[in-house]
Amino acid sequence: ISLLAGASAAFAGAVYVPVVDPAGTAGSSHDLKIWVTNAGTAQKSYSATFLVAESDGTKRPTKAAETPVPAGRTSVLGGIGQHGQIGLLEIDASAQMSIEARLINTSPGGQITQSLVPVISSENLFTAGETAVLQGLGRDDARGDMSSLGIVNLAQQASQCEVRIFRA
């Protein structure tokens, strides 16, 4: 299980990026952009597979296409997400590649803001029986601000977890 807490670049293997519905609420929109950087000295490739929320991610009809990234260069993925769907983008890349994601939000009035999106990797997983404590989650109804929490099961079998929320 992984909790979407920190948002920093992840060095690859298989990593997962949360994908939101690009159609926001009340006229807003969201554009997810992902930077895949090859810090190696030779060309490397990655593949990306969209996994719909609440689906069995182990069942895949086809293998995802490989995308090459030259040494010392960055590939930017944009326009990720489908209207009415949320899920995860699995990116399978070599250890010399780093992945960073940002959500670009556009308000109905045209104001643009950016947020770092957490990349789920082996560096930020919580294994069975561990306790994770997240501080700083909040909600401000007057401003419409609220924290979101995602829980992802990356295991090959079903699992469960317990979530406790309390105020300081």
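Residues numbered from 1 in each chain as written. Predicted model: local features only at pLDDT ≥ 70, side-chain atom pairs only at ≥ 80, totals over all residues. Heavy atoms only, no water.

### Concerning the overall build of the chain
Right, on to step 1. Within the chain, the secondary structure is distributed over zero helices and eleven strands.
Right, on to step 2. Reading the chain from its N terminus to its C terminus gives the helix and strand order β-β-β-β-β-β-β-β-β-β-β.
Right, on to step 3. Burial statistics for the chain: of 168 residues in total, 28% are counted as buried.
Right, on to step 4. Of all intrachain contacts in the chain linking residues separated by at least 6 positions in sequence, the fraction that spans at least 24 positions is 76%.
Right, on to step 5. If you sum the accessible surface of the chain, you get close to 10900 Å²; carbon and sulfur atoms cover 51% of it. (Helix = DSSP H or I, 4+ residues; strand = E, 2+ residues; numbered from the N terminus. Buried < 20%, exposed > 50% of the residue type's maximum accessible area, 1.4 Å probe, protein only. Contact = heavy atoms within 4.5 Å. Areas by Shrake-Rupley, 256 points an atom, 1.4 Å probe, with all protein chains shown as cover.)

### Section: the pattern of salt bridges
Right, on to step 1. On inspection of all chains with the given rule, the structure shows three salt bridges.
Right, on to step 2. Close ionic contact of Lys33 with Asp31 constitutes a salt bridge, the shortest N to O distance being 3.3 Å.
Right, on to step 3. Linking Glu100 and Arg102 is a salt bridge whose minimum nitrogen-to-oxygen distance equals 3.0 Å. (Salt bridge = Lys/Arg side-chain N within 4 Å of Asp/Glu carboxyl O.)

### A few points about the pairing of strand S4 (residues 44-52)
When a strand is regular, its side chains alternate between the sheet's two faces.
Right, on to step 1. In this sheet, strand S5 (residues 66-69) lies alongside S4 in antiparallel orientation, the contact comprising four bridges. Its bridge partner lying in S5, Ser47 is registered against Glu66. (Pairing = 2+ DSSP bridges.)

### Considering the confidence of the model for the chain
Right, on to step 1. Averaged over all residues, the pLDDT of the chain is 82; the fraction at 70 or higher stands at 89%.
Right, on to step 2. Of all helices and strands in the chain, the one with the weakest mean pLDDT is strand S1 (residues 2-3) (44), whereas S5 scores best (94). (pLDDT = per-residue confidence, 0-100.)

### Structural notes on the packing of aromatic side chains
Right, on to step 1. All told, the structure shown has zero aromatic pairs when counted by the stated rule.
Right, on to step 2. For the cation-ring pair, Arg102 lies above Trp35, with the distance from its terminal atom to the ring centre recorded as 5.9 Å. (Phe/Tyr/Trp six-rings, centres within 6.5 Å; stacked < 30°, edge-to-face > 60°. Lys NZ or Arg CZ within 6 Å of the ring centre and 35° of its normal.)

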